[in-house]
Structures are given as structure tokens and as C-alpha cells.
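Structural overview for review
Spelled out, the chains give:
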Amino acid sequence: MNQLSSSDFRSHHPLIRDLLRSLPRIASTDANILIQGESGTGKEMLARYIHRLSPRASKPLLAINCSAIPEALLESEFFGHRKGAFTGAVCDHKGIFESVRGGTVFLDEIGDMPFHLQSKLLRVIQERSVRPIGSPFEHKVDFTIIAATHKNLKSEIKNSKFREDLYYRLNVIPMSLPPLRQRHDDIPDLIEGFIKKFSKKYALTEDLSLSENAVSELKSHSWPGNIRELENFIERTIVFNLNKTKIEKVDLPSFEEREDFQQFNYFRNFPTLSDLEENYIRYVLASVNLHQGRAAEILGISRRTISRLLNQKTHDL
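From a predicted model like this one, the values you see are computed outputs, not experimental measurements.

A few points about unusual backbone geometry
Phi is positive for E109, close to 50 degrees, though the residue is something other than glycine. With respect to the element layout, E109 can be found in the loop between β3 (104–108) and α5 (115–127). The backbone phi angle of W223 is positive, close to 50 degrees, even though this residue is not glycine. Relative to the assigned elements, W223 resides in the loop between α9 (212–220) and α10 (226–239). Look at W223 and you get buried, because its relative accessible area is 1%.

This is how it looks when you write it as C-alpha cells:
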């Protein structure tokens, strides 16, 4: 894994500059950290940098995305299980808290954790012990936690979707990463870094650069997918310009140009309500560069609902 340093987070934004100055002191403690920010703002990269600065740097950092694992498997991934605990449990399995062995647990998208598991997580944090599914015994565990979310957890608490006691346990050290649309002055530095990264990846023999007009155009874009979207765009630009040394103009993708949506012709046939629902979900996903977390926030539904509706439509075809 590449070593991370403060240069990975260089920024002109005062919030990030203040954060970087305080990181060595924060990382030296075992205080729980909660990083909030939109999808693509670099929450996991920041968590890995904090871990590298900490006394636990020689131990593992294990990351789990609370929204990416099916709910039926999430408890086992967190707390582990013993052989025969349920159908399919053919051997013992250590959960993330047993496996980390004195390292750091990074809980990404903690706001999507099912409510009934939040109390179990709270107990592990408080007691520093875990009971695997199917085991009568508690096992002592040693870890520190960095959690991250794109959601407003205070709003989730008001809506009875997130436990207030768990929030205060996690939010000992609050951190916030601003979206890229508030960091336009950082875009030239980010572009330079990504060009170096992908020039090396694609073994370019000559340095590639963007014209001032191209950089200005990128600075004026809203980047709903934040740094991740910008990184993907720079890589795509390099791939399509491998024989060039300077790019004068960039073509930011628009909704009308997205291939996925060229098949929809609303003037030929009246769509069904189900089609409208699917198309709108896909439209929102496209608008946020396929980031399901941001799309779910805009639509007012969960990521699982997005996946279920789209999967159901696929199965119906």
C-alpha cells in the first residue's frame, strides 16, 4: 500500500489546513473519530493517514462499508460467528473486531448501519469485548475506531434511524471534509497530482499538461462526486489522449451524452410508472457520478432501496 502523507491532503481551505495541523496530536490518542463529508471527499484516505500517524500504525487497519454488505451478513462481519451458528456457517469466522488485533477499525457509511445492530456495536465499544454469533463466550478485543458518513447523523437521530448514545460514543473527535465545490482553489493541485499518478500508471514518456482554459473549466464544474469524480475524469482524459502532451480543451460529460440514457425515448411511447421511477433513479445516479450514497440522500431513500428497485427491474426483463 502506498504511504500517505500530508501532501495527499494539501489544501488552501482553512478547515483542512487546521485539521492537518491537529492530526498528529489527535492520532496519538485512542479517542474515537467521526469523519463527516459527502461521498468522494477523501474520508477513507484521511482515516488511513490518521492510522499511519498513530501508535497503532504497525497493526492492521480494517475497513468495512456498512452500506455495501447485505444486512443478513453484516452482524457476522462485525462480530464473527462459530461453526454451525446458522446455515452456511461451515467454519469459525472472526469478525472485524477480533481480526484487527490492536489496530484500527474504519467503519465507512456508519449512518447506513441497521438500527438493531447499533446497540450491539455500542456494547462492543463500551465493554471492549465481543461475542461471536453462536458462541457463549465473550472475547476481549483491542481496537480504536474511525467512523465516517455522508449523512447528517443528528437528523438521523431525530428520525429514530440512529442511536444518540452511539453517536456520542463515536463523535469524540469530530472532523468534517468540505465538498470540492467549496475548494475550487485546490483543483489545480489535485489535477497535477492525478496527472502524475496516471502518467506513471500508463507509462507516459512525456509530461502531460492541461491548458489554463481547461483548468479553468474544471474549476468551474460543481463536481457532485467530489475528488473521486475528478480523479476518474482525469484518468479518463489521459486514456483518451495518450499521444498528446497538452490538452487544450476538456469535455465535461452532460446528462444527454451518457450512453446509458440514449435508449430512453419518451416521445415514442408513454413510459409506465415503474419505468419513470427507474429512469429517475438512474438520472439522479448519473448526476452524482453513480455515487449511491449521494443519490440516496437526494431521493430520500436508502441505498438498499435503490439496489432493490433496480435489481427488481432487471429481473423483470
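From this point, things continue past the structure.
What to know about helix α3 (residues 71–79)
Of all the residues in α3, the buried ones are L74, S76, F78 and F79. In the stretch just after α3, G80 is the one whose phi turns positive, near 80 degrees.

Focus: the packing of α3 against α5
Between α3 and α5, whose axes approach to 11 Å, the crossing angle comes to 5 degrees. Looking at the two axes, α3 sits roughly parallel to α5. Of the residues in α5, those in contact with E71, L74, E75 and F79 of α3 are H116, L117, K120, L121 and V124. Looking at the contact of α3 with α5 residue by residue, the classes come out as five nonpolar, one polar and three charged.

With respect to the side chain of N32
Turning to its location among the elements, N32 is positioned in the loop between α1 (14–27) and β1 (33–36). Accessibility expressed as a relative area gives 8% for N32, which makes it buried. For N32, the side chain forms a polar contact with the main-chain oxygen of R169, separated by 3.0 Å. Excluding residues within four positions of it along the chain, N32 makes contact with I125, R128, T144, I145, R169, L170, V172 and I173.

Observations concerning the packing of aromatic side chains
By the definition in use, this model includes six aromatic pairs. Plain terms: the ring middles of F79 and F97 are 6.4 Å apart, the flat faces sit at 15 degrees to each other, and that makes the pair stacked. Note that F79 is positioned in helix α3 and F97 in helix α4 (residues 96–99), a separation of 18 residues in sequence. Comparing F79 with F97 shows no difference in burial state: the two are buried. For the pair W223 and F233, a centre-to-centre distance of 5.8 Å together with 65 degrees between the ring planes defines the contact as edge-to-face. Pair noted here: W223 is in the loop between α9 and α10 and F233 is in helix α10, with a separation of 10 residues, a long-range link.

Reading guide: rules and limits
Residues numbered from 1 in each chain as written. Predicted model: local features only at pLDDT ≥ 70, side-chain atom pairs only at ≥ 80, totals over all residues. Heavy atoms only, no water. Helix = DSSP H or I, 4+ residues; strand = E, 2+ residues; numbered from the N terminus. Buried < 20%, exposed > 50% of the residue type's maximum accessible area, 1.4 Å probe, protein only. Axes fitted to C-alpha atoms, helices over the stretch in contact; angles between N-to-C directions. Parallel < 35°, antiparallel > 145°, perpendicular 65-115°, else oblique. Contact = heavy atoms within 4.5 Å. Nonpolar A, V, L, I, M, F, W, Y, C, P; charged D, E, K, R; others polar. Polar contact = N/O pair within 3.5 Å; in protein donor to acceptor, adjacent residues only side chain to side chain. Phe/Tyr/Trp six-rings, centres within 6.5 Å; stacked < 30°, edge-to-face > 60°.

Function-wise, these values are silent; they only describe arrangement.
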